[in-house]
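Observations on chain architecture
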Amino acid sequence: MTPMHFQEAGTDAAQVFAEMEEARQGDVDWRRGRLGAYVHFGGEDVLEVAKGAYLRFFSENALGQKAFPSLRKFETEVIAWAADLLHAPADAMGTLTSGGTESIFLAVKTARDLARVERPHVTRPEIVAPVSAHPAFDKAAHYLGMKVRRVPITADFRADVDAMKAAIGPDTVMIVGSAPAFPHGVFDPIADIAALARERDLWMHVDACVGGFLAPFAVRLGYPIPAFDFALDGVCSMSADLHKYGFTAKGASVVLFASEAWRPHLVFEFDNWPRGKYSAPTFGGSRPGGAIAAAWAVMRYLGVDGYVRIAKQIMAARDRMIEGIGAIDGLYLVGKPELAVLSYSSHELDMFAVAERLGDKGWFVSPMSEPPGIHLGMLTLAHVPIVDEYLVDLAVAVDIVRTGKLTAGSRDVSYGG
Ligand SMILES: *Cc1c(COP(=O)(O)O)cnc(C)c1O
């Protein structure tokens, strides 16, 4: 056990690494597909490219744009490629961030600061979002002195646009849709929400943290995905996570804005200290060069073809998973997910007990609250080889719960923490 007081003497590097290996013994084996969240695997080759790029730029800091034109180039190109992929207008701009939460934070902040100019009478600006939207909107609103009105979703788990319309009030400045939302993996009717935004002259954000780097490739494979990006008139900003289906290092997401004219509301500038003018487009100051370099390298390495190749395998695995879950008596798939975020439930079984029995088999299971069920998380290449094994274990778990009439000891549905 490492002493809890900070030791005076240093430790031999080999010993340090040995202790780290020991510390990870209890970690979930994501490489064997035991985990549905938190890690996104795009293949060993992709991982090697990401790591090589990250290590090359391990020490560089993207706060220093003038010192590191390399990082500026990488960031500019990643933003341009993402903008291209998501049909952003020629006048679009954006920034790389540390993740989806920061991308959403910056979109909310930009919308708020624009509203301060355009709607000076609004003192406590509001966001109208479907209840399925990510907590990052509430987190941002909490930090930014705003309020989120969460609106119920329809029976098919999509945003209820009429309900959203009814929730819009004099203080509403922003409305939100997810492509797809994390709980049930379904796309909100983004076209209808964008139309509503135009009608009411509101900022519309599309949260494509999950879908931004998967949906465009699923479209190319012929999967039916509704329009969800800047091709729709009225979309003002989008978040898309590179560290999810972009398969790059953690600490990389992109937030895009339809117009360069909004940049002053995005960037924070400050001059009232002895060091001179400070300027940053992100929440953080120092930014890891490695994360930016890895994002650039992986996108450059894969190209559209590479992403399509990976998406094809993931989508095939999710097709088999959907079919397999549907074939197990007593289970049903929640909604009609377009991509590879899946969840399933039951009208008759205690799903928390099923989750525990699956956990006994070594799967890291994520129970969810509404409907009570199991969230498979986001399928990636780590799950392609394990679909059959998972379905066999799931069928056994269901059988144990059904015949044993078991109920669960725990009903913990937490995500994160
Ligand atoms: C993951 C996710 C986020 C937040 O992204 P982080 O990278 O965890 O900060 C936001 N929205 C959706 C739909 C997500 O899946």
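Going by the structure above, here's the rest.
Described below are features of the structure shown in this document. The shown structure was predicted, so the numbers you read here are calculated from the model rather than taken from an experiment.

The sheet built from seven strands is open, its strands ordered 1-7-6-5-4-2-3 with mixed pairing. Each having just a single partner strand, strand 1 (93-97) and strand 3 (147-151) make up the two edges of the open sheet. Geometrically, the sheet is characterised by an average inter-axis angle of 20° between neighbouring strands, direction not taken into account. As defined by bridge partners, strand 2 (residues 126-130) adjoins strand 3 across five bridges and the pair is classed as parallel.

Applying the stated criterion across every chain, the model contains 25 salt bridges. Where arginine 31 meets glutamate 44, a salt bridge forms, and the shortest distance between an N and an O atom there is 2.3 Å. With arginine 31 in the loop between helix 1 (13-23) and helix 2 (44-56) and glutamate 44 in helix 2, the pair connects residues that are 13 residues apart, well separated along the chain. The class for glutamate 44 is partly exposed, based on a relative accessible area of 40%. A salt bridge links arginine 287 to glutamate 75; the nearest nitrogen and oxygen atoms lie 2.9 Å apart. Of the two residues, arginine 287 sits in the loop between strand 9 (278-280) and helix 10 (289-327) while glutamate 75 sits in helix 3 (residues 69-85), which places them 212 residues apart along the sequence. Of the two residues, arginine 287 and glutamate 75, both sit in the buried class. Among the charged side chains, a salt-bridge network with shared partners connects Lys109, Arg112, Asp113 and Arg116.

Conventions used here
Residues numbered from 1 in each chain as written. Predicted model: local features only at pLDDT ≥ 70, side-chain atom pairs only at ≥ 80, totals over all residues. Heavy atoms only, no water. Pairing = 2+ DSSP bridges. Helix = DSSP H or I, 4+ residues; strand = E, 2+ residues; numbered from the N terminus. Axes fitted to C-alpha atoms, helices over the stretch in contact; angles between N-to-C directions. Salt bridge = Lys/Arg side-chain N within 4 Å of Asp/Glu carboxyl O. Buried < 20%, exposed > 50% of the residue type's maximum accessible area, 1.4 Å probe, protein only.

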